[in-house]
Amino acid sequence: MIATQQIHEEYGGVVPELASREHQKNIVPVVDAALKKANLNLDDIDAIAFTRGPGLMGSLLVGTSFAKSLGLSLNIPIIEVNHMQAHILSHFIEDANESAPSFPFLCLTVSGGHTQIVKVTAPFELEVLGSTLDDAAGEAFDKTAKILGLGYPGGPVIDALAKNGDPNKFRFSKPRVDGLDFSFSGLKTSILYFVQKELKTNSSFIEENKEDLSASIQKTIVDILIDKIAKACKDENINEVCLAGGVSANSELRNQLQSTGLKKGWNVYVPKFEYCTDNAAMIAIVGYYSYLENRFCDQSISPLARLKL
Ligand code: KG4
Ligand code: ZN
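To start, this report covers the structure provided alongside it. (Residues numbered from 1 in each chain as written. Chains lettered and ligands numbered in written order. Predicted model: local features only at pLDDT ≥ 70, side-chain atom pairs only at ≥ 80, totals over all residues. Heavy atoms only, no water.)

### Comments concerning the pairing of strand β3 (residues 105-110)
Okay, step 1: Extensive coverage of β3 is indicated by the burial of six of its six residues.
Okay, step 2: Both faces of β3 are covered, namely the face carrying F105, C107 and T109 and the face carrying L106, L108 and V110.
Okay, step 3: Relative to strand β4 (residues 115-122), β3 runs antiparallel, the two being bridged by six bridges. What sits directly across from T109, in β4, is Q116.
Okay, step 4: Joining the antiparallel neighbours β3 and β4 is a turn of four residues. (Buried < 20%, exposed > 50% of the residue type's maximum accessible area, 1.4 Å probe, protein only. Helix = DSSP H or I, 4+ residues; strand = E, 2+ residues; numbered from the N terminus. Pairing = 2+ DSSP bridges.)

### So, the pattern of salt bridges
Between side chains of opposite charge, a pair can form when the charged atoms approach closely.
Okay, step 1: Summed over all chains, the structure comprises 16 salt bridges.
Okay, step 2: The partner of K25 in a salt bridge is E22, and the shortest N-O contact between them spans 3.0 Å. Taken together, the positions of K25 and E22, both in helix α2 (residues 16-38) and three residues apart, correspond to about one turn of that helix.
Okay, step 3: Residue class for K25 comes out exposed when judged on its relative accessible area of 54%.
Okay, step 4: Residue E22 is classed as buried on the basis of its relative accessible area of 15%.
Okay, step 5: E207 is paired through a salt bridge with K210; the nearest N and O atoms lie 3.2 Å apart. (Salt bridge = Lys/Arg side-chain N within 4 Å of Asp/Glu carboxyl O.)

These values are about where atoms sit, not about what they do.
Quick look at the structure:
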């Protein structure tokens, strides 16, 4: 059961204060609706998993406080979940899914707040091999879409426009970053300067080229991601490769990962669309693995906006 927060579209981004108010308003009706849909009562529940972080403090507080109070009133354990680990373990949501990765695997986690390459040896053994030094991949989509005046969130808009565009029409330079780390803020700046320059001679430049611009920007971002995951596979000698996080909904990224995987002999795992962007099922799957290992937390727990993996 998901309550989508349309309010952010009006502001061109997530406004933390508004997000937490929406959470506050929606949490009881959403839990109610989810129970009804699952045909369950509150007393059928064995434990409650909640997101401890990373994320926006106001929204995390709503979920954490709700989970603590409900746990207390039902006298059942509560389970803290790391949002990034949940994105990664979303590959295991469907039990019957025989196409789940086998351990150890590498996961490219790309969202609005994170870009990471993680080595996963077991559900609770995760090692971050590389991450972004500045903007996340999702931010690169969102911020460039804003420069082009395309609306929020930018990723899906750019993805849709790129389908009718030429990815080789415009060339943007890629950052040189050592090891398995990423950087996206330079790309955003170079797109801004490029567009500003073109607008001086043609005020309709963006309108006339938005498909080609979208395709070229998307290709640049995806190439950067694919280069690094390929390096990680080589360095670690692992050929199980997963994609996770909101940006894994991107069609070019999905296609390129599949085609590169075919060439390089990787087994590639791409989540179903509904499990790519933030969802409660991915929190529940971490809750399930935690429950099996008695990984519960106590009532003194508080959320952490910058919880590390
Ligand atoms: O994981 P997520 O739902 O929320 C965070 O935890 O950040 O990711 C949201 C991000 C946004 O930056 C959004 O633009 C991006 O995922 N996104 C996409 C696509 N769908 C969502 N980026 C590129 N192409 C898409 N189709
Ligand atoms: Zn997320």
